[in-house]
Amino acid sequence: LVGLSDSVTQAVARSALTLIYPGPDEFADRMPTAPLADENILIITDARTTQECAGCPSTPLLAPTALQDIILRLYGPASTGQVRAENIRSLTFTDLNRLLNESAYQVKSIEDAIAWANWIVFAHLDYNPDEYPDSAALRNFLAKRSDSLRDKRLIAMSFSAPYYLDTTEISKLTAYFGIYGKSLPFLETAVRALFRECS
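A few points about empty space enclosed by the protein
Thinking step 1. Taken as a whole, this structure holds 3 cavities of 30 Å³ or more when the rule is applied.
Thinking step 2. In this structure, the largest cavity spans a volume of roughly 50 Å³.
Thinking step 3. Surrounding the largest cavity, Phe-93, His-124, Leu-125, Asp-126, Tyr-127, Ser-135, Leu-138, Arg-139, Tyr-164 and Leu-165 form its lining.
Thinking step 4. For the lining of the largest cavity, a count of residues per class yields 6 nonpolar, 2 polar and 2 charged.

Here we look at the pairing of strand 2 (residues 41-45)
Thinking step 1. Along strand 2, 5 of the 5 residues are buried, which leaves the element largely enclosed by surrounding structure.
Thinking step 2. On strand 2, burial covers both faces: Ile-41, Ile-43 and Thr-45 on one face and Leu-42 and Ile-44 on the other are all buried.
Thinking step 3. Bridge count between strand 2 and strand 5 (residues 88-92): 5 bridges; the pairing is parallel. Across the sheet, Ile-41 pairs through a bridge with Ile-88, a residue of strand 5.
Thinking step 4. Strand direction decides the pairing type here: strand 2 and strand 6 (residues 119-124), joined by 5 bridges, are parallel.

As for the environment of Phe-195
Thinking step 1. Looking at the element boundaries, Phe-195 is found in the segment after helix 8 (184-194).
Thinking step 2. The class of Phe-195 is buried, set by a relative accessible area of 5%.
Thinking step 3. Residues Phe-195 and Leu-36 lie 159 residues apart in sequence; the distance between their C-alpha atoms is 9.4 Å.
Thinking step 4. For Phe-195, the residues in contact, after removing those within four places along its chain, are Ala-34, Pro-35, Ile-41, Ile-71, Tyr-75, Gln-82 and Val-83.

A few points about the packing of helix 3 (residues 66-75) against helix 8
Thinking step 1. With their axes 10 Å apart at the nearest point, helix 3 and helix 8 run at an angle of 65° to one another. Relative to helix 8, the element helix 3 is oriented roughly perpendicular. Note on packing geometry: the crossing formed by helix 3 with helix 8 is right-handed. Seen from helix 3, the contacting residues are Ala-66, Leu-67, Ile-70, Ile-71, Arg-73, Leu-74 and Tyr-75; seen from helix 8, they are Leu-184, Leu-187, Glu-188, Val-191, Arg-192 and Leu-194.

Parameters at a glance
- Residues numbered from 1 in each chain as written.
- Predicted model: local features only at pLDDT ≥ 70, side-chain atom pairs only at ≥ 80, totals over all residues.
- Heavy atoms only, no water.
- 1 Å grid on protein atoms, 1.4 Å probe; cavity = no way out; pocket = protein on both sides within 12 Å on 5 of 7 lines; lining within 4 Å.
- Points joined across faces, edges and corners; volume = space filled by probe spheres on them.
- Nonpolar A, V, L, I, M, F, W, Y, C, P; charged D, E, K, R; others polar.
- Buried < 20%, exposed > 50% of the residue type's maximum accessible area, 1.4 Å probe, protein only.
- Helix = DSSP H or I, 4+ residues; strand = E, 2+ residues; numbered from the N terminus.
- Pairing = 2+ DSSP bridges.
- Contact = heavy atoms within 4.5 Å.
- Axes fitted to C-alpha atoms, helices over the stretch in contact; angles between N-to-C directions.
- Parallel < 35°, antiparallel > 145°, perpendicular 65-115°, else oblique.
- Left-handed = near helix turned anticlockwise from the far one by under 90°.

Pasting the structure below:
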């Protein structure tokens, strides 16, 4: 029966949610509102795949559009209307790595998506570049590109342990949340935190 009670899992997910950076007072200044209806949201997800067994199919630990789908379900046209479908896009850490390592011509669509966004949300797991090279994408992106993104809100959400970014990297973010789980209630809690529904 463990894990079968949605209400219990949702309560655990909400209790686990942690605002790691900044402090509560500074957070209110840095992020006074949730994304507005006319603002563009880009979600970049560590969508690495895993296999339960040698013959099992590969599945992503975080689906590439998981957060986008939840945002549209909770805040899209069929719900509160806070987000329009054309104002939200999703990329992966693989895309982000391509942006950092390939020529501008080859990654123009990724560059355009970043330029288009008012909010960039990073959904990340652990930092394990030896096994998952793309897991280094967020740290490399913050090191190489953060100075050009000062007009954007940069939100990082750790769905694993939240200690894979150092203080310099964290200071470049608007906010950093610890989520601590990858199941649907934790993903929904992450989205509600972005939309200022969780205190």
